[in-house]
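# Fold and contact review
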Amino acid sequence: MHRILDKDIDNSPELRQHLPSINDVYLIRQKNKAIMWFLWLSLLFVVIMFLPWTQNIRANGKVTALRPENRPQELNAFIPGRIVKWYVKEGDYVYKGDTLVQMAEVKTEYLDPNLTDQVGKQIVAKNLSAEAYRNKADAALVQMNAMREARDLKLSSIDNKIVQQRLKISSDSADLAAAENALLAYTRQIDAAQKMLDEGAMSMVEFEKRRVNYQNGKAKVNSLDNKLNQSKQELLNLKINRNEVVQDYSEKLAKTEGERFASISSATSTEADIAKLENQLSNYAVRRDFLYLLAPQSGQVTKAKKAGIGEIIKEGDMIIEIVPEINEKAVELYIKPMDLPLISVGQDIRFIFDGFPAIVFSGWPNSSYGTFGGQVAAIESNTDANGLFKILVVPDPEEGEWPEMLKIGGGARGIALLKDVPVYYELWRNINGFPPEYYQFKPDETKAKK
């Protein structure tokens, strides 16, 4: 077999015409395009390096409710008890006020079914006792007023007697003074009669008459003096009697007033007991209501920590969990401390929700599909147990609503949009391990960027 050489192909056009496959195998006559492709690719790479790239921070989180009352709620036992009946099962939808679980008392002091009636009877008895004490205090007050009136009347009578006795003393004093004046006259007469008798100018009979008058005058003075002293003594006795009346009635009034204050104190103490019993009655009534666990709001029953009939529940134990209807959805994301300064309230966040397919281009958010927009609503000032800061993100009002099928606890991945930089800068930053550029975020910047 003759071997075909390259020079034979070049010098023999007839051979190339009869053997067309030679043109496909031997590319000697064709131009090489590798350099052209390399140049175009290099140019494309340079163009891509200068395209804008949106810096971003990625964070994981979960769907939650914006308001705390719309988040999953644990229903705990207010009091210890024993489960008697279940009215719901897991997965049921309940409305506010629906009965979920019925319990029974386990403490001995609350086992009496007529406990509230018994306390009510005690309250009635105490009210009657308090009323009796108040009536006794009122009667004591009336008695005291009567005593004061009797004292005043008796003192008035004694005062009148004292006035009369003073008038009598004045009269006796005047009588005594007159008798003393008469006695002086009798004394002068008897002295003159003695001289006349001695001189013989008066008879003995006449002298005896004058001596009798003198003796009678002296006796009258003594009598009137005794009478005056007796009147003064009677005045003193009246004053003493008056003081005795004042003292006696003061003691009686003090004793009656003490009894009145004791009755008022007993009534007040009884009223305090009534208030305490009424408080106990209210507590018993409220405690009886606690035996029925009611739904605080509408929602779905998701967890039942206790099961069966007759199971004992301690105070504060979780019985069941309710997930309320979500009126305002939100996403809680957990940000690293080094990225927190780049997050501000009102900043745009793009979301990828678990179960909803999406095509994401991190640096070109406008070219991503299946993502949902949100805005930062709140930033916590303290870290959680993992050392991350939690932020709450709500739907962006300028974009569409989040899917209706989102449930609390569903996973979400957020992308916080930061500053626009060239692609080459972002590659250089990632190669060197530098963080995104720090800047003070302004919501208007993101809006303008859109």
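Our subject in this report is the structure included herewith. As the structure is a prediction and not an experimental result, all values here were calculated from the model. (Residues numbered from 1 in each chain as written. Predicted model: local features only at pLDDT ≥ 70, side-chain atom pairs only at ≥ 80, totals over all residues. Heavy atoms only, no water.)

For the rest of this paragraph, the subject is the sheet that holds strand S5 (residues 99-104). Ordered by their spatial adjacency, four strands build an open sheet running S6-S5-S3-S8, and the pairing between neighbours is antiparallel. The open sheet terminates on both sides in strands that have one partner only, identified here as strand S6 (292-294) and strand S8 (312-313). (Pairing = 2+ DSSP bridges. Helix = DSSP H or I, 4+ residues; strand = E, 2+ residues; numbered from the N terminus.)

Centre-to-centre distance and the angle between the planes together describe a pair of aromatic rings. What the rule picks out here adds up to seven aromatic pairs. Summarising the aromatic geometry, the rings of Phe 78 and Phe 290 are spaced 4.6 Å apart at their centres and angled 15° between planes, so their arrangement reads as stacked. With Phe 78 in the loop between strand S2 (73-76) and strand S3 (81-86) and Phe 290 in helix H6 (residues 204-290), this residue pair connects regions lying 212 residues apart in the sequence. Judged by centre distance (5.2 Å) and plane angle (75°), the rings of Tyr 93 and Tyr 95 are edge-to-face. When its relative accessible area of 34% is taken as the criterion, Tyr 93 is described as partly exposed. Pairwise contacts between aromatic rings join Phe 351, Phe 353, Phe 372 and Trp 402 into one cluster. Between the NZ or CZ atom of Lys 252 and the centre of the ring of Tyr 249, over which it lies, the distance is 5.4 Å. Just above the ring of Tyr 110 sits the side chain of Arg 287; from NZ or CZ to the centre is 3.9 Å. (Phe/Tyr/Trp six-rings, centres within 6.5 Å; stacked < 30°, edge-to-face > 60°. Buried < 20%, exposed > 50% of the residue type's maximum accessible area, 1.4 Å probe, protein only. Lys NZ or Arg CZ within 6 Å of the ring centre and 35° of its normal.)

To continue, consider helix H7 (residues 423-432). Buried residues of H7: Val 423, Glu 426 and Arg 429, and no others. Along H7, the residues classed as buried sweep out an arc of 125° about the axis, all on the same side. Check the buried side of H7 and you find it contacts helix H4 (34-49), strand S1 (52-65) and strand S14 (411-422). (Arc of directions from axis to C-beta. Contact = heavy atoms within 4.5 Å.)

Before going further, it helps to examine the layout of surface pockets. For the largest pocket, the calculated volume is near 490 Å³. Mapped by element, the contributors of at least two residues to the lining of the largest pocket are strand S7 (299-304), strand S9 (318-324) and strand S13 (389-395). For the lining of the largest pocket, a count of residues per class yields 12 nonpolar, four polar and six charged. (1 Å grid on protein atoms, 1.4 Å probe; cavity = no way out; pocket = protein on both sides within 12 Å on 5 of 7 lines; lining within 4 Å. Points joined across faces, edges and corners; volume = space filled by probe spheres on them. Nonpolar A, V, L, I, M, F, W, Y, C, P; charged D, E, K, R; others polar.)

A separate point is the pattern of salt bridges. What the rule picks out here adds up to 12 salt bridges. In this structure, Asp 248 and Lys 252 form a salt bridge, with 3.4 Å as the shortest nitrogen-oxygen distance. Here the residue Asp 248 and the residue Lys 252 both occupy positions in helix H6, the gap between them amounting to four residues, near one helical turn. Each of the salt bridges in this network shares a partner with another, and the network as a whole consists of Lys 62, Glu 332, Glu 380 and Lys 390. (Salt bridge = Lys/Arg side-chain N within 4 Å of Asp/Glu carboxyl O.)

Grouped together as the largest cluster of nonpolar side chains are 23 residues, with contacts concentrated most on Ile 162, Leu 176, Phe 207, Val 221 and Val 245. Contributions of two or more residues to this core are made by helix H5 (115-199) and H6. Examining the composition of this core, we find that 12 residues originate from one element, H5, more than from any other. Apart from residues no more than four positions distant in its own chain, Leu 176 is found in contact with Val 221, Leu 224, Asp 225 and Leu 228. Counting residues in hydrophobic clusters, the runner-up holds 20 residues, among them Ile 335, Ile 343, Val 393 and Trp 402. (Core = buried A, V, L, I, M, F, W, Y, C linked by side-chain atoms within 4.5 Å.)

A separate point is the pairing of strand S10 (residues 329-335). On a regular strand, each side chain points to the face opposite its neighbour's, so the side chains alternate between the two faces of the sheet. Most of S10 is tucked away, with six of its seven residues classed as buried. Note: S10 against S13, five bridges, orientation antiparallel. When the sheet's bridge partners are listed, Ile 335 is paired in S13 with Phe 389.

Turning to the sheet that holds S2, a few remarks are in order. Across the sheet, which stays open at both edges, the four strands sit in the order S2-S9-S7-S4 with antiparallel pairing between neighbours. The sheet is open, and its two edges are formed by S2 and strand S4 (93-94), each paired on a single side.

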